[in-house]
Amino acid sequence: MILAVKRSLRICEKGHKYYKSSECSSCPTCDKENKPKSGFLSKLSSPARNALVHEGIDTLQELSMYTEKEILKIHGIGPASLPIMRTSLEEEGLSFKE
């Protein structure tokens, strides 16, 4: 038995139309337009990047003030993002808080 996922049409404040099945209000078109060209945030998926920015974490110095467990508790961040963040921190001589 296959359950159909109900997707609803949404329109962002810029007028982009998109379908979502979750409560996430993130517009895929806006996410692509707002993706940084460089830096550690540019290496992350849109949900992870948006989650960090929403929490006020947009520099590696700010990221290094959190433990991996604290970062994983943020909605939108999954385990696949940790190696990217860890490598970015290490490249700058930083690490997650112990």
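Residues numbered from 1 in each chain as written. Predicted model: local features only at pLDDT ≥ 70, side-chain atom pairs only at ≥ 80, totals over all residues. Heavy atoms only, no water.

*Asks:* Now, about a nonpolar patch on the surface: what can you tell me, with residues and values included?
*Replies:* On the surface, a cluster of nonpolar side chains totalling about 330 Å² of accessible area is made up of Leu9, Ile11 and Tyr19. Among the structural elements, isoleucine 11 can be located in strand β1 (residues 8–11). (Patch = residues over 30% accessible without salt bridge, like charges linked within 9 Å, V, L, I, M, F, W, Y side chains within 5 Å. Areas by Shrake-Rupley, 256 points an atom, 1.4 Å probe, with all protein chains shown as cover. Salt bridge = Lys/Arg side-chain N within 4 Å of Asp/Glu carboxyl O. Helix = DSSP H or I, 4+ residues; strand = E, 2+ residues; numbered from the N terminus.)

*Asks:* Pulling in residues and values, what's your account of the side chain of serine 42?
*Replies:* When you line up the elements, serine 42 lands in the loop between α1 (28–34) and α2 (46–54). Look at serine 42 and you get buried, because its relative accessible area is 14%. From its side chain, serine 42 meets the backbone oxygen of glycine 39 in a polar contact 2.6 Å long. (Buried < 20%, exposed > 50% of the residue type's maximum accessible area, 1.4 Å probe, protein only. Polar contact = N/O pair within 3.5 Å; in protein donor to acceptor, adjacent residues only side chain to side chain.)

*Asks:* Residue-level account of the pairing of β1, with values.
*Replies:* Note: β1 against strand β2 (residues 17–20), 4 bridges, orientation antiparallel. Along β2, the bridge assignment pairs isoleucine 11 with lysine 17. Where β1 folds back on β2, the antiparallel hairpin that results is connected by 5 residues, among which glycine 15 adopts a positive phi of roughly 95°. (Pairing = 2+ DSSP bridges.)

*Asks:* Explain the side chain of serine 88 to me, and be specific about the residues and the numbers.
*Replies:* Mapped onto the secondary structure, serine 88 falls in helix α5 (residues 81–91). Separated by 3.0 Å, the side chain of serine 88 and the backbone oxygen of isoleucine 84 make a polar contact. Residue contacts for serine 88: discarding those within four places in its chain leaves Phe40, Lys43 and Leu60. (Contact = heavy atoms within 4.5 Å.)

*Asks:* Residue-level account of the nonpolar core, with values.
*Replies:* Counting 16 residues, the largest nonpolar core has Leu52, Leu63, Ile71 and Met85 as its most contacted members. Secondary structure elements with two or more residues in this core: α2, α3 (60–63) and α5. Not counting chain neighbours up to four residues away, the residues in contact with methionine 85 comprise Leu44, Leu52, Leu63, Ile71, Ile77 and Phe96. (Core = buried A, V, L, I, M, F, W, Y, C linked by side-chain atoms within 4.5 Å.)

*Asks:* Give me the lowdown on the environment of arginine 49, citing residues and values where you can.
*Replies:* Inspection of the secondary structure assignment puts arginine 49 in helix α2. The spatial distance from the C-alpha of arginine 49 to the C-alpha of leucine 60 is 13 Å, given a sequence separation of 11 residues. Residues contacting arginine 49, with those up to four places away along its chain left out, are Asp31, Lys35, Pro36, Leu41 and Leu44.

*Asks:* Kindly report on the environment of serine 81, identifying the contributing residues and their values.
*Replies:* With respect to the secondary-structure elements, serine 81 resides in helix α5. Taking the C-alpha atoms as reference, serine 81 lies 16 Å from glutamate 62; in sequence the two are 19 residues apart. With residues up to four places along the chain from it excluded, the contact list for serine 81 reads Leu44 and Ala48.

*Asks:* Let's hear about α2: which residues, and what values?
*Replies:* Think of an α-helix as 3.6 residues a turn; residues three or four steps apart then line up on the same face. Among the residues of α2, Ala48, Arg49, Ala51 and Leu52 are the ones counted as buried. In a view along the axis of α2, the buried residues occupy a sector of 160°, so they form one face of it. Structurally, α2 contributes buried residues whose contacts are with α1, α3, α4 (68–72) and α5. Note on α2: the residue one or two positions beyond its end, glycine 56, has a positive phi of about 85°. (Arc of directions from axis to C-beta.)

Remember, this is a structural readout, not a statement about activity or role.
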